[in-house]
Amino acid sequence: MTGRPGAAPVGAEPTAGSGSGDRILLRRTRVRLMAWSGGLTLVILLALGALVYGAVAGQLATSGTAILRQRAEDVAKVVSRPGPLPNRPPFGLAFGGEQSGTITLAVQPDGSVLGGLDEATELPIDESVRAARAASSGTDTRTATLDETPIRVYSIAVARRGGTWVVQVIGERLSEQRLLAVLLGVLVLGSLAAGVLAIAAGWLYAGRALVPIRSAIDRREAALQRQREFAANASHELRTPLTVIRASVTDLARNRDEAVGSVGTALEDIDAETTHLTALVDDLLILARTDAGTIEVESALVDLADVAVEAAGGLTAVAMGRGVALTVDPLPAEVRGDALRLRQLVAILVDNAVAHTPSGGAVIVSVQPDGDTAVLRVDDEGPGIRDEDLPRVFERFWRADDAPSGGTGLGLAIAAWIVEQHGGRISAANRADRGARFEVRIPLLAG
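All values reported here derive from a predicted model rather than from experimental measurement. (Residues numbered from 1 in each chain as written. Predicted model: local features only at pLDDT ≥ 70, side-chain atom pairs only at ≥ 80, totals over all residues. Heavy atoms only, no water.)

Counting residues in each nonpolar core, the largest one holds 42 residues, and the members touching the most others are L342, L345, L349, L376 and V440. Of all the secondary-structure elements, those providing two or more residues to this core are α6 (304–313), α8 (339–356), β10 (362–370), β11 (373–379), α9 (411–421), β12 (425–430) and β13 (436–443). Element by element, the count of residues in this core is highest for α8, at eight residues. Setting aside its immediate chain neighbours within four residues, L376 contacts L304, A308, L345, V346, L349, V365, S366, V367, F438, E439 and V440. By size, the runner-up hydrophobic cluster in this structure holds 13 residues, among which are L68, A76, A106 and Y154. (Core = buried A, V, L, I, M, F, W, Y, C linked by side-chain atoms within 4.5 Å. Buried < 20%, exposed > 50% of the residue type's maximum accessible area, 1.4 Å probe, protein only. Helix = DSSP H or I, 4+ residues; strand = E, 2+ residues; numbered from the N terminus. Contact = heavy atoms within 4.5 Å.)

Ordered by their spatial adjacency, five strands build an open sheet running β8-β10-β11-β13-β12, and the pairing between neighbours is mixed. Two strands in the sheet have a free side with no partner beyond their single neighbour: β8 (325–330) and β12. Ignoring strand direction, the axes of neighbouring strands in this sheet form an average angle of 15 degrees. Bridge count between β12 and β13: six bridges; the pairing is antiparallel. Residue pairing in the sheet places N430 in a bridge with A436 of β13. On the sheet, α8 packs against β8, β10, β11, β12 and β13 and is oriented at approximately 25 degrees with respect to β11. Sheet contacts for α9: β12 and β13; angle to β12, the most-contacted strand, approximately 135 degrees. (Pairing = 2+ DSSP bridges. Axes fitted to C-alpha atoms, helices over the stretch in contact; angles between N-to-C directions.)

The complete set of buried residues in helix α2 (residues 126–134) reads S128, V129 and A132. The arc that holds every buried residue of α2, seen down its axis, measures 105 degrees, which confines them to one face. Of the exposed residues in α2, those oriented more than 90 degrees away from the buried face are R130 and A134. Where α2 is buried, its residues contact β2 (103–107), β4 (139–146), β5 (149–160) and β6 (163–172). (Arc of directions from axis to C-beta.)

At a minimum axis separation of 9 Å, α8 and α9 run at an interaxial angle of 145 degrees. Read as a crossing pair, α8 and α9 show a hand that is left-handed. Contact residues: R341, L342, Q344, L345, I348, L349 and N352 in α8; G411, L412, I414, A415, W417, I418 and V419 in α9. A breakdown of the residues in the contact of α8 with α9 according to their chemical character gives 10 nonpolar, three polar and one charged. (Left-handed = near helix turned anticlockwise from the far one by under 90°. Nonpolar A, V, L, I, M, F, W, Y, C, P; charged D, E, K, R; others polar.)

The next subject is the packing of aromatic side chains. Pairs of aromatic rings are described using the distance from one ring centre to the other and the angle between the two planes. Within the structure shown, the criterion is met by one aromatic pair. Plain terms: the ring middles of F394 and F438 are 6.1 Å apart, the flat faces sit at 85 degrees to each other, and that makes the pair edge-to-face. Of this pair, F394 sits in the loop between β11 and α9 while F438 is found in strand β13, placing the two residues 44 residues apart along the sequence. Positioned above the aromatic ring of W165 is the side chain of R160, whose terminal nitrogen or guanidinium carbon lies 5.5 Å from the ring centre. (Phe/Tyr/Trp six-rings, centres within 6.5 Å; stacked < 30°, edge-to-face > 60°. Lys NZ or Arg CZ within 6 Å of the ring centre and 35° of its normal.)

This next bit is on helix α3 (residues 174–209). Over its 36 residues, α3 runs 51 Å from end to end, which matches the ideal 52 Å to within 8%, given 1.5 Å per residue. Of the residues making up α3, those classed as buried are E176, L180, L187, S191, G195, A198, G202, A206 and G207. (Expected span 1.5 Å × (residues − 1).)

All right, on to the pattern of salt bridges then. Per the stated rule, a full pass over the model turns up 12 salt bridges. For the salt bridge of E176 with R173, the shortest nitrogen-to-oxygen distance reads 4.0 Å. When its relative accessible area of 12% is taken as the criterion, E176 is described as buried. By relative accessible area, which is 13% here, R173 ends up buried. The partner of D379 in a salt bridge is R437, and the shortest N-O contact between them spans 2.7 Å. Of this pair, D379 sits in strand β11 while R437 sits in strand β13, and the two are 58 residues apart along the sequence. Among the residues examined, D379 registers a relative accessible area of 8% and is labelled buried. Where salt bridges share partners, they join D370, R377, E439 and R441 into one cluster. (Salt bridge = Lys/Arg side-chain N within 4 Å of Asp/Glu carboxyl O.)

Turning our attention to a nonpolar patch on the surface. Together, W36, L40, I44, L48 and L51 make up an exposed nonpolar region whose accessible area comes to about 570 Å². You can see W36 is positioned in helix α1 (residues 18–80). Judged by its relative accessible area of 59%, W36 falls in the exposed class. (Patch = residues over 30% accessible without salt bridge, like charges linked within 9 Å, V, L, I, M, F, W, Y side chains within 5 Å. Areas by Shrake-Rupley, 256 points an atom, 1.4 Å probe, with all protein chains shown as cover.)

Here it is, written out as structure tokens:
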């Protein structure tokens, strides 16, 4: 019914299907989602940063201009008074207070300057003086550079006997520009860092969001791969018996006038290969129905010991015909499952063990409870399983190089499916003395 698994005889090479294209599309979608997430976050942060920078820069400019205006208006009041100016007019460099560091000048109608600094030859700022005299408001505010130092200039025209004076107050903007530079650096670096984090978060969240799609693609690829392997392996397994049958029929046709008994073993070969084909087709149908999910597994109270005795009893004659002693050692172990499928499971394992046990050997089937599981063991006295073959024992169509003829390579795959449907696990190992052991563990009936 099944051969000892170990190395697949012939299998289809995996072919590139639509799954690779789907994975490329999935990666592109993830990259796009990541790019959109990071890009939008970066744009929003840069826009907010620009607004913050503009607001701070505007506030600093307004505050700086207000300081200069207050200073200029205070001085303008002094200049506008009739009579001579005070002995100590409020011109020149201011120290202390909010207006500390500002320079105040008074430009007379004839262009002479009060409060000028000898080392500042570029003062006053003539453009601002002319603009203040020409403006309807009588004031002018602008920024300029004085000896490579950024400054802000506020000029106000003052009417005085003898002509129009202009009071000009100058304040440096170096500290303001340094503050704005630091703010700009913080905003840009913060936006870039936040953008990088947003890209990383977008990559992670996009990956999570695409998990169901990726899982669906994986399932579809796995199903297509199984279908390709199934078709390739089935065609390989069917080819040999069909070739033998065709050769036997050809031999019979060539000697159609001869007695059947004199033709040789043609009829026996046809009968054996037909039996093999029948078993193979039956196993193929079972696996096809398991893949399609159309096989219903019943759930009823079953004593695994009774099932093992019944299934092994049906193979006693086969074992005796091969000179193999078949022994069953059962202890009650009630499970919930499908009695028909469990009998099929035991039959597969026992048939496999008998096929690999030489004449004069023995196969022992035991059932016993162990904790919360029912344990079914099938021990044989065959050559055992090579260590490198153990991981492939339950693969479909896989047969070891030394497997007995007549197997389909599907029995153990069906057995594994039956165990899985009963919530259990199956394993294969070599015994310490000789032979192999197949062990099945199925949950015991609660209580």
